[in-house]
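Analysis of the macromolecular model
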Amino acid sequence: MELLFTEGISKCFGNFWALKNINIRVPRESIFGLLGPNGAGKTTLIRIITQIIFADEGEIFFENRKMKPDDISFIGYLPEERGLYKKMKVGEHMIYLARLKGLSSHDAKERIKYWMDKFDILSWWNKRIEDLSKGMQQKVQFISTILHEPRLIILDEPFSGFDPINANLIKDEILELKKKGSTIIFSTHRMESVEELCDFIALIHKSRVILDGSKQDIKQKYKSDTFVIEHRNDFGDLDRNFSVIQKDRLEDNFYRSVIQINNGKSRNTLLSVLIQKVEVHSFIEQVPSMNEIFISQVNTIRNE
Ligand code: ADP
Ligand code: MG
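Reference entry: report on the structure contained in this document. (Residues numbered from 1 in each chain as written. Chains lettered and ligands numbered in written order. Predicted model: local features only at pLDDT ≥ 70, side-chain atom pairs only at ≥ 80, totals over all residues. Heavy atoms only, no water.)

Here's the deal with the coordination of the magnesium ion (ligand 2)
For the record, the criterion: A 2.8 Å cut-off from the metal defines N, O and S donors, relaxed to 3.2 Å for Na, K and Ca; water is not in the atom list, so some sites may appear incomplete. Runs of H or I in DSSP of at least four residues are treated as helices and runs of E of at least two as strands, each being numbered from the N terminus. Categorising residues by exposure relies on relative accessible area from a 1.4 Å probe, with only protein chains included: less than 20% of the type maximum marks a residue as buried, more than 50% marks it as exposed, and the intermediate range marks it as partly exposed.
Coordination of the magnesium ion (ligand 2) by the protein involves Thr43 (OG1) and Glu80 (OE), with metal-donor separations of 2.0 to 2.7 Å. Of this pair, Thr43 sits in helix 1 (residues 42-49) while Glu80 is found in the loop between strand 7 (75-78) and helix 2 (90-100), placing the two residues 37 residues apart along the sequence. For Thr43, a relative accessible area of 13% gives the class buried. With relative accessibility at 37%, the residue Glu80 sits in the partly exposed group.

Shown next, in the form of structure tokens:
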């Protein structure tokens, strides 16, 4: 079921534990968000998975066995600190990187052309890397990361350095790669990019995982039985099974109210109370955004 999972990964720099007992499970053909504020430990974990550094404790499993050094060839990795050879030309640089990943020069050329065309940057082929903007270089590096169609794609802060339009381009590409069967792990400290993208997440804070699982399960867990209701006429007071958190009069006799259900009562109970009193136009559950959940979780830990 999982393509990759970790068991009890810990990493110490001097006397500072950058990671403590990290267990994550990355299901196949999913997008897994490694989230957390700056300094949480995301890059350290990624460097351990990509075998740049080694854990002091714990184990990484890939394809249901302990990860081996040459499993690296199944991974496409976009590091946080980007870097290309400044003096090389875009086309030759990409061919060079693709050859390192084991592609023949013919295949490399074909695929690079396909991707550059797709990103509308084919005209950059003979430009020197140093003449590209940071964002342009990042596009080149992104393409080089995925060119060999790796089973696992690991992107460390893929959106940083991109303007919103190009960030969206990368987002769409990540979704498409998943559709084609890749598994993607990406890290970000910007929680708002998570909503549309992630199937699973692990929120790391101060070296530990403080929240993890599927996005759906997490949303279910943190919803608060609160509903946003649009209605004509005022319903007046409600009994103590319902707390009216907000009631706004929008126009004439048209209202938008936020009501929380207490005492384990069902939503139908609320609805049936309301329809006796007012004309209900809409009735929608208020589900917290992932961003709201993360912030509340990080703050809970901070206040402990
Ligand atoms: P994130 O990617 O979540 O922002 P990092 O994994 O880069 O966080 O860093 C986690 C913590 O580990 C930080 O406090 C950082 O300073 C520390 N750290 C990372 N790498 C090293 C290193 N090579 N030596 C010492 N401390 C490090
Ligand atoms: Mg980082």
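From this point on, the discussion continues.
Things to note about the pairing of strand 13 (residues 242-251)
Condition: Two strands pair if DSSP finds at least two bridges between them.
In terms of strand pairing, strand 13 meets strand 14 (residues 254-261) through eight bridges, oriented antiparallel. Looking at the pairing, Phe242 lines up with Ile261 of strand 14. Hairpin connection from strand 13 to strand 14: two residues lie between these consecutive antiparallel strands, with Asp252 at a positive phi of about 40°.

What about the site of ligand 1?
Rules: Nearness of a residue to a molecule or strand requires only that one of the residue's heavy atoms be within 4 Å of it. In the analysis that follows, any N or O atom pair within 3.5 Å is treated as a polar contact, provided that within protein one partner can donate a hydrogen and the other can accept it, and provided that, for residues neighboring in sequence, both atoms belong to side chains. What sets the accessible areas is the Shrake-Rupley method with a 1.4 Å probe; for residues, cover comes only from the shown protein chains.
Ligand 1 sits among Phe13, Phe16, Ala18, Pro37, Asn38, Gly39, Ala40, Gly41, Lys42, Thr43 and Thr44. In this structure, an oxygen atom belonging to ligand 1 sits 3.1 Å away from a main-chain N or O atom of Ala40. At 2.6 Å, a side-chain N or O of Thr44 approaches an oxygen atom of ligand 1. In isolation ligand 1 has 560 Å² of accessible area, and contact with the protein removes 61% of it. When residues of the shell around ligand 1 are traced back to their parent elements, those giving at least two are strand 2 (16-22) and helix 1. The biggest single contributor to the shell around ligand 1 is helix 1, with three residues.

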